[in-house]
Amino acid sequence: MASECTAYRDSKGGLHSSPERATLEDLAGVLGRVGDEGGMTGGVARMIFDKRAEIERVFAEHDHMIEAAPPAAIEPGHHIRAVN
């Protein structure tokens, strides 16, 4: 008998049983191949997913430092140099 189911599509069109699995697949795609034959990609994607709040906090702090720095302190490529 046919039945209805819910699936979640990743950015490449693959179907997954949960939003988390679809997101992990998208993260793995963004990361590309990590390690020999790409075997570490799934684990790295999982770590990023699990530590999302901490990672977002680090980037927010970085963005704040960049915004707060005087324009002369930021060289091309966003490298910070000391200003006396």
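Not measured: the values here are computed from a predicted model.

Caption draft 1: Summary view of the side chain of histidine 16. Note that histidine 16 resides in strand 2 (residues 15–16). What makes histidine 16 buried here is its relative accessible area of 17%. If we skip the residues at most four places from it in the chain, histidine 16 touches Ala7, Tyr8, Asp10, Arg21, Ala22 and Glu25.

Caption draft 2: Structural context of the packing of helix 2 (residues 41–50) against helix 3 (residues 52–68). It is the contact of helix 2 with helix 3, at a shortest axis distance of 5 Å, that shows an interaxial angle of 75 degrees. When the axis of helix 2 is compared with that of helix 3, the two are roughly perpendicular. Between helix 2 and helix 3, the residues in contact are Ile48, Phe49 and Asp50 and Arg52, Glu54 and Ile55, respectively. In terms of residue class, the contact of helix 2 with helix 3 is built from 3 nonpolar, no polar and 3 charged.

Caption draft 3: Main features of the side chain of aspartate 10. Along the chain, the position of aspartate 10 falls in the loop between strand 1 (8–9) and strand 2. This buried residue, aspartate 10, is left without a salt bridge; lysine 12 holds the nearest opposite charge, at 7.5 Å. Among the polar contacts listed, one links the side chain of aspartate 10 to the backbone nitrogen of glycine 14, at a separation of 2.9 Å. Within polar-contact distance, the side chain of aspartate 10 engages the side chain of histidine 16 at 2.7 Å.

Procedures and definitions
- Going along each chain's sequence as written, the residues are numbered from 1 onward.
- Given that this is a predicted model, residues contribute local features only at a pLDDT of at least 70 and side-chain atom pairs are listed and counted only at 80 or more, while totals for whole chains, interfaces and linings are drawn from all residues.
- Water and hydrogen atoms were dropped before computing side-chain values, which therefore reflect all heavy atoms in the structure.
- A run of H or I in DSSP becomes a helix once it reaches four residues, and a run of E becomes a strand once it reaches two; helices and strands are each numbered from the N terminus.
- Buried, partly exposed and exposed residues are distinguished by accessible area as a fraction of the type maximum, computed with a 1.4 Å probe on protein chains only: under 20%, between the cut-offs, and over 50%, respectively.
- Here a residue-residue contact requires only that any non-hydrogen atoms of the pair lie within 4.5 Å.
- Every axis in this analysis is a line fitted to C-alpha atoms, fitted for helices over the stretch in contact. Angles between the N-to-C directions lie between 0 and 180 degrees.
- Should an angle fall under 35 degrees it is taken as roughly parallel, and over 145 as roughly antiparallel, whereas 65 to 115 is taken as roughly perpendicular and any remaining angle as oblique.
- Residues are sorted three ways: Asp, Glu, Lys and Arg are charged, Ala, Val, Leu, Ile, Met, Phe, Trp, Tyr, Cys and Pro are nonpolar, and all the rest, Gly among them, are polar.
- Under this rule, positive means Lys or Arg and negative means Asp or Glu; His and the chain ends count for nothing.
- Any Lys or Arg side-chain nitrogen found within 4 Å of a carboxyl oxygen on Asp or Glu counts as a salt bridge.
- Polar contact is defined as a pair of N or O atoms within 3.5 Å, subject to the rule that within protein one atom must be able to donate a hydrogen and the other to accept it, and that residues adjacent in sequence are counted only when both atoms are side-chain atoms.

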